[in-house]
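# A structural walkthrough
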Amino acid sequence: PAANGVAEASFFALTTPIQSDAPPLANYRDNDDVRRYNAVARAVMDELGVPVNDLFGVLEGAPASLYADTCHLVETGYRMLADKVAATIRAAFAPPTPADLLAVASAAAKAGSAHAARERARNHEANLIATHDVKLKLDVECQQVITKAILEAFPDHAVLGEEDTEHATPPADAYEWIVDPIDGT
């Protein structure tokens with residue numbers, strides 16, 4: 001809490017994508033530029049411990065009907081962004097409800113599954129082959145995708161993953177997610 005007893009939190013919002021079907025504008029950045037900018041911004045915010053609100057991810061691949069022009073949205077698009085921002089603020093100041101936890105778990109699982117499906121041709125690339133275990137790169141990547149989705153929604157939660165080699169015990173009052181990613185084998 002701040003000195004006046006009011007709770008406070010800081011967030012950084014990633015830049016939203018440009019409508020991918022729009023004709024290019026002279027001297028205007030494209031989504032590759034936006035991705036590079038967001039990657040640098042995320043790295044800086046991660047280093048500073050500032051939670052990142054992925055507004056780019058909310059609209060990535062969105063239909064042209066959500067855009068009024070190349071970069072401005074129609075009301076539905078702005079409502080999608082507002083819902084994401086509101087969810088981030090709620091998560092920072094109120095304990096999650098079971099419905100909140102289920103929604104994030106479902107979204108995280110779907111994101112991990114989508115990554116595994118996109119990359120399934122790489123399901124043979126191993127990080128480690130031991131007597132009773134094979135650690136596939138794809139399994140580790142899926143866990144990272146799932147963990148990212150969880151921590152973007154609940155930055156103060158702990159995540160224990162099957163692919164982790166180390167794990168710090170979270171405080172007794174913390175939420176802890178147990179992740180066993182979609183197996184690429």
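A quick note: this is a predicted structure, and the numbers were derived from the prediction, not measured.

## Examining the confidence of the model for the chain
Across the chain, pLDDT averages 80, with 77% of residues at or above 70. In the model of the chain, strand E3 (residues 126-130) stands out as the element of lowest mean pLDDT, 55, in contrast to helix H1 (residues 31-48), which has the highest, 92.

## Some words on the packing of helix H4 (residues 98-118) against helix H5 (residues 137-153)
It is the contact of H4 with H5, at a shortest axis distance of 8 Å, that shows an interaxial angle of 150 degrees. Compared by their axis directions, H4 and H5 come out roughly antiparallel. H4 and H5 meet at a crossing whose hand is right-handed. Contacts between H4 and H5 involve Val 104, Ala 108, Ala 111, Gly 112, His 115 and Ala 116 on the former and, on the latter, Leu 138, Glu 141, Cys 142, Val 145, Ile 146, Ala 149, Ile 150 and Ala 153. Considered class by class, the residues forming the contact of H4 with H5 number 11 nonpolar, 2 polar and 1 charged.

## Some details on the pairing of strand E6 (residues 176-179)
Residues Trp 177 and Val 179 line the buried face of E6, whereas the alternating positions Glu 176 and Ile 178 sit on a face that is not buried. Pairing analysis gives 4 bridges linking strand E5 (residues 158-161) to E6, with the strands arranged parallel. Bridge pairing links Leu 160 to Ile 178 in E6.

About the cut-offs
Residues numbered from 1 in each chain as written. Predicted model: local features only at pLDDT ≥ 70, side-chain atom pairs only at ≥ 80, totals over all residues. Heavy atoms only, no water. pLDDT = per-residue confidence, 0-100. Helix = DSSP H or I, 4+ residues; strand = E, 2+ residues; numbered from the N terminus. Axes fitted to C-alpha atoms, helices over the stretch in contact; angles between N-to-C directions. Parallel < 35°, antiparallel > 145°, perpendicular 65-115°, else oblique. Left-handed = near helix turned anticlockwise from the far one by under 90°. Contact = heavy atoms within 4.5 Å. Nonpolar A, V, L, I, M, F, W, Y, C, P; charged D, E, K, R; others polar. Buried < 20%, exposed > 50% of the residue type's maximum accessible area, 1.4 Å probe, protein only. Pairing = 2+ DSSP bridges.

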